[in-house]
Amino acid sequence: MSTPTTTESTDNAAASAADDAATYDLTSRISPYLDLHMMFPLLEYIDSLISAGSIPYSSLDVAQARLELLKPTHMVDYAMDIYREVHGVDAAIPAEMEEQKAGVFKELEELREGQIKLDELCRNEELRASLVNSNQWNVKSLISMSTHAITPETIATYYKFAKFNFDCGDYQQGRDMLENYISLYSSPPKQRKDGGEGDDGDDDDEFGGGGVPSSTADDEKTGNPNMYYLTTIDLTLLQVLWGKLSCEILVEDWEEASVALLAVKTAIESLASSHKLPALQALHQRTWLLHWSLFVFWNDASGKGLESMVELFTSEKYLQAVTTDAPHLLRYLTAAVLLCKRRAAKAGSNSNAEGRRLLRDLVKVMQQCEYSDPIVEFVDKLSVKFDFEAAQSQLARCETVLSTDFFLCKQTELFMEEARVFVFENYCRIHHKIDLTTLGDKLAMDRDRAERWIVDLIRNALLDAKIDSEGGCVVMGTGSTSVYEQVMEKTRELTARSGGLVVNLRGYMNDVRREKSRKKAAMDAEYN
């Protein structure tokens, strides 16, 4: 009986990994919630996977998909290049594409001409600064001033031109124009000219930069700081904020993208709470925001991105969006929680309780979502079912899923290391003691190497354990929860619950008052 050669085994493993990559590829499930311009980076990444033989897709199919995405845009030259890639270098460009190109240049000139007055004003820094200082940099004031020849149509055309630039692939220009457009509806806090030279010399005042609020009246006019200081929000301005976020993502300015993300979130919740955005539409808007946030959170260089992601995804309204509209986002939440859990373990005091809370909340979400992949299954097998053999099997597949996921690929090595520590920590916690020789066998290490690995974990505060050199085993810590941690755990949601009670009580009292008013009106009508 013949046995498979090493080469055959390697080929089979590669084929299995490629099949897993295709099976668990989320591109088709994520794409409906992204702006089509955001799909181009994803398709480029898939092309790189195809070239590396990591996923069994056809480059021609990807090029055809890219061509379809380009049709509604104004990126005609790019579309022509892709057309030749699909149909051959010598293929004749279709007449409709040539007509589209001519139409794009014609519309470009029309829009440029229609908004040029406002564009010139935006570029004149000295005049603009003067208007800002005199509180005249706003739509109402500019329209009322005949000297600048700004009309409502000029402002509307300026916004159309910003969107036109975006559709042409000029994301930087689109971003700058949208920033100018938003500023016309904003009211940032005013500062005194001598604010930085106050008696106390503080530099960390409310508005930053050492300035101080100019007056109480100005404070009342200040817009929402979480929303670019917009004084009001409507559905049109919400679309402008979405456009700003899209531009920041596509130019890969992740710091500004975080600001834009908060602005869109604030706008959605403001419109929803004022009933200007129906509940179902608000749910869909939140679902879109969760998908766009993946670009921001997984590229955040500040180190706080994943914590912010977990906080957003597990908040009540956004968790509803995950469980009802987008259960596939459970993959990213699971990966973020696992990495955040390890960071919490490095943080020091109360870290164990925080790590347990994160994991416990994740398990609750997993029970609400009808979705599974090797990453989710790994945590389920390890933390819920305590099936270590199955968890190890899923972990081997996790590497393929991670490395072929556009958002997670940069975290593959870190995730795998933290996951192995997670497996080992759970295994030792259950067994309390484990022989170093046995441990070496489990980790494919010799006894000395396994001991050094454990020592490093303990030294870096990643593991609550000690080594019994005489007994030749690892002894796990008790992991007991302090009274302080228990109190913090039980009172963590006290503020939210108290707020909920206040809201419910206020609603009840309003209902009582309305009922009294109705009865009084009915009695008055009866006597009259």
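Residues numbered from 1 in each chain as written. Predicted model: local features only at pLDDT ≥ 70, side-chain atom pairs only at ≥ 80, totals over all residues. Heavy atoms only, no water.

Caption draft 1: Focus on the overall build of the protein. Each helix and strand in the protein was counted, giving 25 helices and three strands. Relative to its 528 residues, the protein shows a buried fraction of 42%. Of the contacts formed within the protein by residues at least 6 apart in sequence, a portion of 63% connects residues at least 24 apart. Approximately 28900 Å² of the protein is accessible, and the part contributed by carbon and sulfur atoms is 51%. (Helix = DSSP H or I, 4+ residues; strand = E, 2+ residues; numbered from the N terminus. Buried < 20%, exposed > 50% of the residue type's maximum accessible area, 1.4 Å probe, protein only. Contact = heavy atoms within 4.5 Å. Areas by Shrake-Rupley, 256 points an atom, 1.4 Å probe, with all protein chains shown as cover.)

Caption draft 2: Region of the structure containing the packing of aromatic side chains. Taken as a whole, this structure holds 13 aromatic pairs when the rule is applied. Arranged with centres 5.3 Å apart and planes meeting at 45°, the rings of Tyr181 and Tyr185 form a pair that is tilted. On the basis of relative accessible area, Tyr181 is assigned to the buried category, the value being 7%. On the basis of relative accessibility, which here comes to 26%, the residue Tyr185 falls in the partly exposed class. Judged by centre distance (6.4 Å) and plane angle (55°), the ring pair of Trp288 and Trp292 falls under tilted. With Trp288 and Trp292 both in helix 14 (residues 279-297) and four residues apart, this pair spans about one turn of that helix. (Phe/Tyr/Trp six-rings, centres within 6.5 Å; stacked < 30°, edge-to-face > 60°.)

Caption draft 3: Broad picture of the confidence of the model for the protein. Per-residue confidence for the protein gives a mean pLDDT of 84, with 83% of residues at or over 70. In this model residues 195-220 is a low-confidence stretch, pLDDT under 50, and it forms 24 contacts with partners more than four residues away in sequence or in other chains. (pLDDT = per-residue confidence, 0-100.)

Caption draft 4: Summary view of unusual backbone geometry. The phi angle at Asn135 is positive, at roughly 60°, despite the residue not being glycine. Here Asn135 is to be found in the loop between helix 7 (125-133) and helix 8 (139-144). One non-glycine residue, His275, lies in the positive phi region at around 65°. Following the sequence through the fold, His275 ends up in the loop between helix 13 (254-273) and helix 14. Under the relative-accessibility criterion, His275 is labelled exposed at 71%.

Caption draft 5: Structural view of the nonpolar core. One finds Leu241, Trp298, Tyr332 and Phe378 to be the most contacted residues of the largest nonpolar core, which totals 137 residues. Here this core gets 10 residues from one element, more than from any other, and that element is helix 13. The residues touching Phe378, leaving out its near neighbours within four places in the chain, are Leu338, Ala391, Gln394, Leu395, Cys398, Ala419, Phe422 and Val423. Within the second largest apolar cluster, eight residues are counted, among which are Leu43, Ile46, Ile50 and Ile55. (Core = buried A, V, L, I, M, F, W, Y, C linked by side-chain atoms within 4.5 Å.)

Caption draft 6: Layout of the pairing of strand 3 (residues 473-476). Taking every second residue as pointing to the same face, both faces of strand 3 are buried, with Cys473 and Val475 on one and Val474 and Met476 on the other. The pairing of strand 1 (residues 433-435) with strand 3 spans three bridges and is antiparallel. Bridging from a neighbouring strand, Ile434 pairs with Val474 of strand 3. Bridge analysis of strand 2 (residues 465-468) against strand 3 gives four bridges, and the strand direction is antiparallel. In the strand pairing of strand 3, Ile467 is matched with Val474. (Pairing = 2+ DSSP bridges.)

Caption draft 7: The arrangement of the sheet that holds strand 2 in detail. Read across the open sheet, the three strands follow the order 1-3-2; overall the sheet is antiparallel. Bordering the open sheet on either side are strand 1 and strand 2, each of which pairs with just one other strand. Taken pair by pair, the neighbouring strands of this sheet meet at an average axis angle of 25°, ignoring direction. Here helix 23 (residues 447-459) sits on the sheet and contacts strand 2 and strand 3; the angle it forms with strand 2, its principal contact strand, is near 145°. (Axes fitted to C-alpha atoms, helices over the stretch in contact; angles between N-to-C directions.)

Caption draft 8: Quick peek at the side chain of Asp380. Locating Asp380 in the fold gives a position in helix 19 (residues 374-384). Setting aside chain neighbours within four positions, we find Asp380 in contact with Met366 and Lys385.

Caption draft 9: Summary view of a nonpolar patch on the surface. A cluster of nonpolar side chains, contributed by Leu505, Tyr508 and Met509, occupies part of the molecular surface with about 330 Å² of accessible area. Mapping Tyr508 onto the fold places it in helix 25 (residues 494-527). Given a relative accessible area of 53%, Tyr508 falls into the exposed group. (Patch = residues over 30% accessible without salt bridge, like charges linked within 9 Å, V, L, I, M, F, W, Y side chains within 5 Å. Salt bridge = Lys/Arg side-chain N within 4 Å of Asp/Glu carboxyl O.)

Caption draft 10: Representation of the pattern of salt bridges within the structure. Scanning the entire structure with this criterion turns up 19 salt bridges. As a salt-bridge pair, Asp253 and Arg175 come within 3.1 Å of each other at their nearest N and O atoms. Of the two residues, Asp253 sits in the loop between helix 12 (235-250) and helix 13 while Arg175 sits in helix 10 (residues 171-183), which places them 78 residues apart along the sequence. Classification of Arg175 by relative accessible area gives buried; the value is 12%. Among the ionic contacts, a cluster of salt bridges with common partners joins Arg175, Lys244, Glu248 and Asp253.

Caption draft 11: Region of the structure containing the packing of helix 4 (residues 59-70) against helix 5 (residues 76-87). One way to put it is that helix 4 packs onto helix 5 with a least axis distance of 9 Å and a crossing angle of 150°. With respect to their mutual orientation, helix 4 and helix 5 come out roughly antiparallel. Along this stretch, helix 4 crosses helix 5, giving a crossing that reads as left-handed. In contact with Leu60, Ala63, Gln64, Arg66, Leu67 and Leu70 of helix 4, helix 5 contributes Tyr78, Ala79, Ile82, Tyr83, Glu85 and Val86. (Parallel < 35°, antiparallel > 145°, perpendicular 65-115°, else oblique. Left-handed = near helix turned anticlockwise from the far one by under 90°.)

Caption draft 12: Up close: the environment of Met145. Topologically, Met145 is positioned in the loop between helix 8 and helix 9 (152-167). Aside from chain neighbours lying at most four places away, what touches Met145 is Leu131 and Gln136.

Caption draft 13: Structural context of a negative patch on the surface. A surface patch of like charges, here negative, comprises Asp170, Asp176, Glu179, Glu255 and Glu256. Looking at the negative patch, the elements with two or more residues in it are helix 10 and helix 13. With respect to the secondary-structure elements, Glu179 resides in helix 10. Taking the relative accessible area as the measure of exposure, Glu179 reaches 44% and is therefore partly exposed. (Lys, Arg positive; Asp, Glu negative; His and termini not counted. Charge placed at Lys NZ, Arg CZ, Asp CG, Glu CD.)

Caption draft 14: Broad picture of helix 10. In a regular helix each residue adds 1.5 Å, so 13 residues correspond to 18 Å; helix 10 covers 18 Å between its end C-alpha atoms and thus fits that length. All of the buried residues in helix 10 are Tyr171, Gly174, Arg175, Met177, Leu178, Asn180, Tyr181, Ile182 and Ser183. Looking at the buried residues of helix 10, the elements they touch are helix 6 (95-123), helix 7, helix 9 and helix 12. (Expected span 1.5 Å × (residues − 1).)

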